[in-house]
Amino acid sequence: MPTWCERCGKGAEPPAPLDSGRIYRARQALARKAATRLHQRLSEQPDSLAVIPSRRVAVAFSVAVLLAAPLVVLALVWLILQLGFYLKILFLAVLAGIVLLIVPRPNRLPPEATVLAPAEAPALRDFVSQVAGAMGVRPPDAIAVDIDHNMSVVELGYGRRTGLVIGLPLWTVLSWPERTATLAHEMGHLRGRDTRDGRLVFWARRLLWTLVELLWPDALRPTRNAFSDAGGAIAAVLQHIIVAPFLALAMTLERLDAVQSQHAEYLADRRAAQVAGSAAMTSALAGLLPPQRGVTTMERAIRQREDPWRALEQAPKPTDRELRRRRAVCASGEHQLGDSHPPTSMRIDLLERHPVGGGLHPPSQTLRRIEEEMVAVRGPLTQRLRDTVLMRLG
Ligand SMILES: [Zn+2]
């Protein structure tokens, strides 16, 4: 464990920010500001957690963007049809390419996820149904496993079905109360219909950011001096003028989404705590504070050609002092871009401020059966896990 001083914070400094461009930094600042305000409000008024006031605005804004897009495309088609033959063909082809890039597509499970057949993991399926029942939602239609250090729920197709993706490394490193809490958190997202509303916002965000990137390719890249010569300066000014309305719309939606998606995370945490207990949820979150629990141990085992799953099972828990250091780093560090979650330290803090009871304790026989099922599905994933980790480590 690294050494650090709890008084002055030496040894718990956040990593230096990356030079990722002005827009990246603006989005990070916006997410951090939303996180801080939201945390303050929910700390003072815990009862306001149950309602996400910004959700409706974010969804309405997204729907407006998604409805306006086809109208704009039709208007452009009409304009293009007024041109000469060759220009018409050229511009229609360009427009078709852009439409293909931004059109909403049906949602699928990640291609690398392995769907578990009902007969393959009946005890796991029962357990997930039990947690979903305690949360008051229909269990996911499909359960899949992959090699991510994560767990998530997704809507499938255009939203009639749902899927749960269990990252086997994360599952393996967690204790049973933490697994229950993490599952309950995901079911909390289904209860809050976060996946359904989040998809509309996701489509609108993707549409707007794709347009920004098409009109101003350097916008999302590390800072470069666009005004270094006269020609470049004129081009940069023109690009800024053309992209400004789309950038303004994208940043507005980003701000609305930062508030509603972070609020949804706090609400899913609270609901999970009501099912699994605050202690289990807090402990599961503590394992996510970077560096995520078990990852280094797993990587070392893979380098030494040992069993990564065993390494994850035996990964030591950080000491309380080390957890305090990780929380301090997380609290003062950058907000991760694209991460709709509040900083983990704030999530833990809110759970600790307003603890709730709860605890789902399936019989040990059931847990043993699930354990056997999950060990059985490791086989096909092991080589992929090794290859991915070795490639990441170079
Ligand atoms: Zn979540």
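**Q** Looking at this structure, how should I read the packing of aromatic side chains?
**A** Each aromatic ring pair is described using two quantities: the centre-to-centre distance and the angle formed by the ring planes. Taken as a whole, this structure holds three aromatic pairs when the rule is applied. On the numbers, 5.3 Å between centres and 80 degrees between planes, the contact of Phe-85 with Tyr-86 is edge-to-face. A relative accessible area of 70% means that Tyr-86 is categorised as exposed. Taking the centre distance of 5.5 Å and the plane angle of 85 degrees together, the rings of Phe-127 and Trp-176 count as edge-to-face.

**Q** Please clarify how the sheet that holds strand β4 (residues 161-167) should be interpreted in this entry.
**A** In a beta sheet, neighbouring strands pair by backbone hydrogen bonds and run either parallel or antiparallel. Strand order in this open sheet of four strands is β1-β2-β4-β3, and the pairing throughout is mixed. Each having just a single partner strand, β1 (114-115) and β3 (151-156) make up the two edges of the open sheet. Bridging between β3 and β4 involves six bridges; their strand directions are antiparallel. Counted as the bridge partner of Leu-156 is Arg-161 from β4.

**Q** Can you help me understand the pairing of β4 in this one?
**A** For a regular strand, side-chain orientation follows a simple rule: the groups alternate between the two sheet faces. Counting buried positions over the seven residues of β4 gives six, a clear majority of the element. With five bridges connecting them, strand β2 (residues 142-146) and β4 associate as parallel partners. Looking at β4, one finds that Val-145 is bridged to Ile-166. Here β3 folds back onto β4, and the loop between the two strands holds four residues, one of which, Gly-157, carries a positive phi near 60 degrees.

**Q** Quick question: what am I supposed to make of the environment of Ile-52 here?
**A** Structurally, the position occupied by Ile-52 is in the loop between α1 (22-44) and α2 (53-81). Here the alpha-carbon distance between Ile-52 and Gln-262, two residues 210 residues apart in the chain, equals 9.7 Å. Beyond its immediate sequence surroundings of up to four residues, Ile-52 is in contact with Gln-260, His-263, Ala-264 and Leu-267.

**Q** What am I meant to see in the pattern of salt bridges here?
**A** Any two side chains of opposite charge can pair, on the condition that their charged atoms come close. For the structure on display, the rule yields 19 salt bridges. Note that Lys-317 is salt-bridged to Glu-178, the shortest N-O span being 3.3 Å. Taken as a pair, Lys-317 in the loop between α11 (308-313) and α12 (320-332) and Glu-178 in helix α6 (residues 176-191) lie far apart in primary sequence, 139 residues in all. A relative accessible area of 1% places Glu-178 in the buried class. In this structure, Asp-269 engages Arg-347 in a salt bridge whose closest nitrogen and oxygen atoms are separated by 2.8 Å. Placement of Asp-269 in helix α8 (residues 230-276) and of Arg-347 in helix α13 (residues 344-353) is noted, with a sequence separation of 78 residues between them.

**Q** Help me out: how do you make sense of helix α14 (residues 364-376) in this one?
**A** In an α-helix, one turn spans 3.6 residues, which is why side chains three or four residues apart end up on the same side. With 13 residues, α14 extends 18 Å between its outermost C-alpha atoms, agreeing within 8% with the 18 Å of an ideal straight helix rising 1.5 Å per residue. Three or more residues of α14 are buried, namely Thr-366, Leu-367, Ile-370, Glu-373 and Met-374. End-on, the buried residues of α14 take up no more than an arc of 120 degrees, which puts them together on one face. Opposite the buried face of α14, by more than 90 degrees, sit the exposed residues Ser-364, Gln-365, Glu-372 and Ala-376. In this structure, the buried side of α14 is in contact with α4 (122-135), β2, β4, α5 (168-173), α6 and α15 (378-393).

**Q** Any chance you could explain the packing of α12 against α13 here in plain terms?
**A** Describing two packed helices takes the angle between their axes plus the distance from one axis to the other. Remark: α12 packs on α13, axes separated minimally by 7 Å, with the N-to-C direction vectors making an angle of 115 degrees. Taken together, the axis directions place α12 and α13 in an arrangement best described as roughly perpendicular. Between α12, through Arg-327, Cys-330 and Ala-331, and α13, the contact on the second element is made entirely by Thr-344, Ser-345, Ile-348, Asp-349 and Glu-352. For the contact of α12 with α13, a count of residues per class yields three nonpolar, two polar and three charged.

**Q** Looking at this structure, I do not really get the pairing of β2. What am I missing?
**A** β2 sits mainly inside the fold: five of its five residues count as buried. Judged by which residues are buried, β2 turns out to be covered on both faces: Ala-142, Ala-144 and Asp-146 on one side and Ile-143 and Val-145 on the other are all buried. In this sheet, β2 lies alongside β1 in antiparallel orientation, the contact comprising two bridges. Looking at β2, one finds that Val-115 is bridged to Ala-144.

**Q** For this particular structure, what's the right way to read the nonpolar core?
**A** A general trend in soluble globular proteins is that nonpolar side chains are found buried together. Formed by 53 residues in total, the largest nonpolar core has its most connected members in Leu-124, Leu-164, Ile-166, Trp-171, Met-187 and Met-374. The element contributing the most residues to this core is α4, with seven residues. Counting 24 residues, the second-largest nonpolar core is a separate cluster that includes Leu-66, Ala-69, Ala-204 and Val-243.

**Q** Is there a simple way to explain the side chain of Thr-180 in this structure?
**A** With respect to the element layout, Thr-180 can be found in helix α6. Separated by 2.9 Å, the side chain of Thr-180 and the backbone oxygen of Trp-176 make a polar contact. Those residues in contact with Thr-180, other than ones at most four positions away along the chain, are Phe-127, Val-131, Ala-276 and Leu-360.

Reading the values: the criteria
Residues numbered from 1 in each chain as written. Predicted model: local features only at pLDDT ≥ 70, side-chain atom pairs only at ≥ 80, totals over all residues. Heavy atoms only, no water. Phe/Tyr/Trp six-rings, centres within 6.5 Å; stacked < 30°, edge-to-face > 60°. Buried < 20%, exposed > 50% of the residue type's maximum accessible area, 1.4 Å probe, protein only. Pairing = 2+ DSSP bridges. Helix = DSSP H or I, 4+ residues; strand = E, 2+ residues; numbered from the N terminus. Contact = heavy atoms within 4.5 Å. Salt bridge = Lys/Arg side-chain N within 4 Å of Asp/Glu carboxyl O. Expected span 1.5 Å × (residues − 1). Arc of directions from axis to C-beta. Axes fitted to C-alpha atoms, helices over the stretch in contact; angles between N-to-C directions. Parallel < 35°, antiparallel > 145°, perpendicular 65-115°, else oblique. Nonpolar A, V, L, I, M, F, W, Y, C, P; charged D, E, K, R; others polar. Core = buried A, V, L, I, M, F, W, Y, C linked by side-chain atoms within 4.5 Å. Polar contact = N/O pair within 3.5 Å; in protein donor to acceptor, adjacent residues only side chain to side chain.

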